[in-house]
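Residues per chain are reported as follows:
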Amino acid sequence: MEPQCPKCGGPLPDTLLFCGTCGEHNPLRTPPPAPQTALGERMGTLALIDENGAEAMKFPLHVGENRIGSGPSATVRFADDGFLAAEHCILEVHRESFRLRPLERANGTFLRITAPVELRHGDVLRVGQEVLRFERLDQLRPEVGLDGNAEVVGWPVPRGAWGRLCQIGLQRQVANAYLLASPDVFLGRERGDILFPKDGFVSGSHSVLSERNGRVFLKDLGSSNGTFLRIQQDTPLRNGDLFLLGRNLLRVHKGTA
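Residues numbered from 1 in each chain as written. Predicted model: local features only at pLDDT ≥ 70, side-chain atom pairs only at ≥ 80, totals over all residues. Heavy atoms only, no water.

Caption draft 1: Spotlight on the nonpolar core. Of all hydrophobic cores here, the largest spans 21 residues; its most connected members are Leu46, Ile68, Phe78, Leu91, Leu237 and Phe243. Of all the secondary-structure elements, those providing two or more residues to this core are strand 1 (42-49), strand 2 (55-62), strand 5 (89-93), strand 6 (98-102), strand 21 (242-245) and strand 22 (248-254). (Core = buried A, V, L, I, M, F, W, Y, C linked by side-chain atoms within 4.5 Å. Buried < 20%, exposed > 50% of the residue type's maximum accessible area, 1.4 Å probe, protein only. Helix = DSSP H or I, 4+ residues; strand = E, 2+ residues; numbered from the N terminus.)

If you want it as structure tokens, here you go:
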């Protein structure tokens, strides 16, 4: 018996994406996966790092767009990671350069920093399992009352305060907020101004945020698991760079070997 449209009862062959009578979507038919860019010769490897720091799996990287995600159109696929989009990011490989391009904005693509980087309002970083959003106090929008005027809520900001870190929970809500008022604010598990004592992936003294003449910098302090910053645009990668996607820590190896 030929399948019928659930809306109008008309014939609905599984070869059609929509009903020819009423236009209803065919639930038995799924769109074909997005076309992929043809990949060229192999030019590197992407290694999945396990909890012991070993390279548990390796994926070949080819010249062209290597798509990473959880869906069938991904060339490097992690189907069981619910934090990944179907196509989460693209690792674009050329003979002269590797570039990482984020596609998914909610959970993000995080690159491990190897030198101090300047932070901008709204930047998101990962320290251990903590997801933290940096905000400049001079760029926060004031609360607005019913009369449309700015409304003072809470207590005055302490003198010398220049920013805050918002700890983001699983539902992307703010779980905690930490005021940044010293020229150097240290993060860690055991020592520092902002502590995460229950996070075993945070080092005793992990990283520091520094304010200098209106500019803010983030520096890793030689932590075991690294400090990661969410990238917003195409970013060049070097041999050995590490980046985080959902629950996956990945290392880039350049070269044909």
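More follows now that the structure is in view.
Caption draft 2: The arrangement of unusual backbone geometry in detail. Look at Asn213: it is not a glycine, yet its phi comes out positive at around 55°. Here Asn213 shows up in the loop between strand 17 (207-212) and strand 18 (215-220).

Caption draft 3: Layout of the packing of aromatic side chains. For the structure on display, the rule yields three aromatic pairs. Summarising the aromatic geometry, the rings of Phe59 and Phe78 are spaced 5.5 Å apart at their centres and angled 80° between planes, so their arrangement reads as edge-to-face. You can see Phe59 sitting in strand 2 and its partner Phe78 sitting in the loop between strand 4 (76-77) and strand 5, a full 19 residues away along the chain. Given the relative accessible area of 13%, Phe59 is considered buried. Taken together, a centroid distance of 6.0 Å and an interplanar angle of 85° make the contact between Tyr178 and Phe196 edge-to-face. With Tyr178 in strand 14 (residues 174-180) and Phe196 in the loop between strand 16 (194-195) and strand 17, this pair connects stretches of sequence that are 18 residues apart. Given a relative accessible area of 5%, Phe196 falls into the buried group. A cation sits over an aromatic face here: Arg126 above Phe110, 5.5 Å from the ring centre. (Phe/Tyr/Trp six-rings, centres within 6.5 Å; stacked < 30°, edge-to-face > 60°. Lys NZ or Arg CZ within 6 Å of the ring centre and 35° of its normal.)

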